[in-house]
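Chain by chain, the residues:
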Amino acid sequence: MSQVLPASISAALFHERADAIAAAARELAQHGWTPATSSNFSMRVDADHAAITISGRDKGKLGRDDIMLVDMDGKAVGTDSRPSAETELHTQVYRRWPEINTVLHTHSRTQSVASRLFAKDGVVKLQGWELQKAIHGHTTHESVLDIPVFPNTQHMPELVAQVDAWIDAGKPLHAYLINGHGIYTWGRDMAEARRHLEALEFLLVCELDLRRLNA
Ligand SMILES: CSC[C@@H](O)[C@@H](O)C(=O)COP(=O)(O)O
Ligand SMILES: [Zn+2]
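If you're wondering where the values come from, they're calculated on a predicted model, not measured in any experiment. Residue positions are given per chain, counting from 1 as you read along its sequence in written order. The order in which chains are written sets their letters, starting at A; the order in which ligands are written sets their numbers, starting at 1. In keeping with the model being predicted, local features are shown solely for residues with a pLDDT of at least 70 and side-chain atom pairs are shown and tallied solely at 80 or more, while totals for entire chains, interfaces and linings include all residues. Working from all heavy atoms in the structure, the side-chain values ignore hydrogens and water.

Participant: How should the coordination of the zinc ion (ligand 2) be read in this particular structure?
Facilitator: By definition of the ideal shapes, a tetrahedral metal site with four donors has angles of 109.5 degrees and an octahedral site with six donors has angles of 90 or 180 degrees. Surrounding the zinc ion (ligand 2) are the protein donor atoms His 105 (NE2), His 107 (NE2) and His 181 (NE2), at 2.1 Å. Along the chain, the residues donating to the zinc ion (ligand 2) are arranged with the sequence spacing H-x1-H-x73-H. Pair noted here: His 105 is in strand β4 (residues 102-106) and His 181 is in the loop between β7 (175-178) and β8 (182-187), with a separation of 76 residues, a long-range link. This pair shows no difference in class: His 105 is buried, exactly as His 181 is. Only nitrogen, oxygen and sulfur atoms qualify as donors, and only when within 2.8 Å of the metal (3.2 Å in the case of Na, K and Ca); with water excluded, sites may look incomplete. The secondary structure listing takes helices from DSSP runs of H or I that are at least 4 residues long and strands from runs of E that are at least 2 residues long, numbered from the N terminus. A 1.4 Å probe rolled over the protein chains alone gives each residue an accessible area, and that area as a share of the maximum for its type sets the label: buried under 20%, exposed over 50%, partly exposed in between.

Participant: How should helix α5 (residues 190-214) be read in this particular structure?
Facilitator: For an α-helix the count is 3.6 residues per turn, leaving residues at separations of three or four pointing the same way. The end-to-end C-alpha separation of α5 is 36 Å, in line with the 36 Å expected for 25 residues at 1.5 Å each. With a side-chain oxygen positioned 3.3 Å from the backbone nitrogen of Ala 191, the residue opening α5 is Asp 189. A helix is expected to reach a length of 1.5 Å times the quantity of its residues less one. Polar contact is defined as a pair of N or O atoms within 3.5 Å, subject to the rule that within protein one atom must be able to donate a hydrogen and the other to accept it, and that residues adjacent in sequence are counted only when both atoms are side-chain atoms.

Participant: Please clarify how the site of ligand 1 should be interpreted in this entry.
Facilitator: Put simply, a residue is near a molecule or strand once any heavy atom of it comes within 4 Å of that molecule or strand. If you check the shell around ligand 1, you find 14 residues, and the closest are Ser 55, Gly 56, Ser 84, Ala 85 and Glu 86. With respect to ligand 1, the side chain of Asn 40 contributes an N or O atom lying 3.0 Å from an oxygen atom. Here an oxygen atom of ligand 1 sits 2.9 Å away from a polar atom, N or O, in the side chain of His 181. Protein contacts shield 75% of the accessible area of ligand 1, which totals 410 Å² for the unbound molecule. For the accessible areas, the method is Shrake-Rupley and the probe is 1.4 Å, while residue cover comes only from the protein chains on display.

Participant: Whenever I open this one, the sheet that holds strand β1 (residues 40-46) confuses me. Can you help?
Facilitator: We treat two strands as partners when DSSP finds at least two bridges between them. Strand order in the open sheet made by the 8 strands is β3-β2-β1-β4-β8-β7-β6-β5, with mixed pairing throughout. What marks the edges here is a single partner per strand, and that holds for β3 (67-71) and β5 (123-127). Sheet twist, expressed as the average angle between the axes of neighbouring strands with direction ignored, equals 20 degrees. Pairing of β1 with strand β2 (residues 49-53), which is carried by 4 bridges, proceeds in the antiparallel orientation. Bridge pairing links Met 43 to Ala 51 in β2. Residue contacts follow a heavy-atom distance rule, with two residues in contact if any of their heavy atoms lie within 4.5 Å. Lines are fitted to the C-alpha atoms to define the axes, a helix being fitted only along its stretch in contact, and any angle between axes, read from their N-to-C directions, falls within 0 to 180 degrees. Contacts from helix α1 (residues 11-30) reach β1, β2, β3 and β4 within the one sheet, and its direction differs from that of β1 by about 160 degrees. Packing against the sheet, helix α4 (residues 156-168) makes contact with β5, β6 (144-150) and β7, and its axis sits at approximately 155 degrees to β6.

Participant: What exactly am I supposed to notice about the pairing of β6 here?
Facilitator: If a strand is regular, its side chains alternate between the two faces of the sheet. Counting buried positions over the 7 residues of β6 gives 5, a clear majority of the element. With 5 bridges joining them, β5 and β6 adopt antiparallel strand pairing. By the bridge assignment for β6, Val 123 is matched with Pro 148. When β6 meets β7, the two strands line up parallel, connected through 2 bridges. When the sheet's bridge partners are listed, Phe 150 is paired in β7 with Ile 178. Crossover handedness is defined by viewing with both strands directed away from the observer: a clockwise path from the first strand over the helix to the second marks the crossover as right-handed. The β-α-β motif built from β6, the intervening α4 and the parallel element β7 has right-handed crossover chirality.

Participant: Where do I start with the packing of α1 against α5 in this structure?
Facilitator: What describes two packed helices is the angle between their axes and the distance between those same axes. Running from N to C, α1 and α5 cross one another at 20 degrees; their axes reach a closest spacing of 12 Å. As far as their axial angle goes, α5 and α1 are roughly parallel. Crossing angle aside, the handedness with which α1 passes α5 is right-handed. The segment α1 lies against α5, with Ala 20, Ile 21, Ala 24, Glu 27 and Leu 28 engaging Met 190, Arg 194 and Leu 197. Ten residues, namely Ala, Val, Leu, Ile, Met, Phe, Trp, Tyr, Cys and Pro, are considered nonpolar, four, namely Asp, Glu, Lys and Arg, are considered charged, and the remaining ones, Gly among them, are considered polar. Grouping the constituent residues of the contact of α1 with α5 by class yields 6 nonpolar, no polar and 2 charged. Should an angle lie under 35 degrees it is considered roughly parallel, over 145 roughly antiparallel, and from 65 to 115 roughly perpendicular; all remaining angles are considered oblique. Crossing handedness: left-handed means the near helix sits turned counterclockwise from the far one by under a right angle, and right-handed means the same turn made clockwise.

Participant: How should I be thinking about the UniProt feature "binding site: Zn(2+)" (unreviewed entry) in the protein chain in this particular structure?
Facilitator: UniProt positions are given in the numbering used here, feature names are shortened, and annotations may be inferred rather than shown by experiment. The UniProt entry lists His 105 and His 107 under the feature "binding site: Zn(2+)" (unreviewed entry), expressed in the numbering used here. In this structure His 105 comes out as buried when scored by relative accessible area, which is 0%. Setting aside anything within four residues of it in sequence, one finds His 105 in contact with Ser 39, Asn 40, Phe 41, Glu 86, His 181, Gly 182, Ile 183 and Tyr 184. Of note is the side chain of His 105, whose polar atom sits 3.1 Å from the side chain of His 181. Its place among the elements puts His 107 in the loop between β4 and α3 (109-118). Beyond its immediate stretch of four places on either side in the chain, His 107 contacts Trp 33, Pro 35, Ser 38, Ser 39, Ser 112, His 181 and Gly 182.

Participant: Explain the nonpolar core here, please?
Facilitator: In a soluble, globular protein the nonpolar side chains are often hidden away together inside. Throughout this description, the term nonpolar core refers to a set of buried Ala, Val, Leu, Ile, Met, Phe, Trp, Tyr and Cys residues connected via side-chain atoms within 4.5 Å. Counting residues in each nonpolar core, the largest one holds 40 residues, and the members touching the most others are Val 124, Leu 126, Leu 145, Ile 147, Leu 177 and Leu 200. Within the residue set of this core, elements represented by two or more residues are α1, β1, β3, α3, β5, β6, β7 and α5. For this core, the element with the most residues is α5, which contributes 9 residues. Beyond its immediate chain neighbours, meaning those up to four positions away, Leu 177 contacts Gln 111, Ser 115, Val 124, Ile 147, Pro 148, Val 149, Phe 150, Gly 182, Ile 183 and Leu 204. Within the second largest apolar cluster, 25 residues are counted, among which are Val 93, Tyr 94, Val 123 and Val 163.

The structure is reproduced here in structure tokens:
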């Protein structure tokens, strides 16, 4: 894949982002969270561009050339490759929050099952779990961490509108589930985004376990 970079972006910077995304994806795939080419990952490159996984690639086998550049409208920059089918969900986060530099989306079995179970409520209300403190801004198990569940669609503007409506209602948003699909979360850097993803996966497992044990 030939990626032509804008003069303002050095090859070293783009390659650093691409290598970080590919390495994280390979590790997340090892958990079994990215089955059958599902999932997509991105990092901000500058105020106007992000590096994102090319659509359809096996996320467990990503290399530097499986990552491409998009603008903040989600359009490919300097390449004929096709960006993730869900690119607009990534760029929405970058446009909303200038401090966010990484967006992760996975399809773990837990995330998929939990999204179906909680779809009728429209939200997963997490409370009483010590690991809520892994989420930026949460300092106690006594807080309530709401993770909305949005209806799945192949038409990204619909999902973008659902996410915007949640944020515009003044409700905090650290992640969201898509019904029958997976999770989106983000962070100020890759480490924080990974911590959020790992914590939310664990918390969803705990919630499902509670329901199994109470069943
Ligand atoms: C292969 S099914 C999963 C896809 O439809 C999509 O949800 C996904 O996560 C990966 O899409 P991609 O376009 O490769 O970024
Ligand atoms: Zn997906």
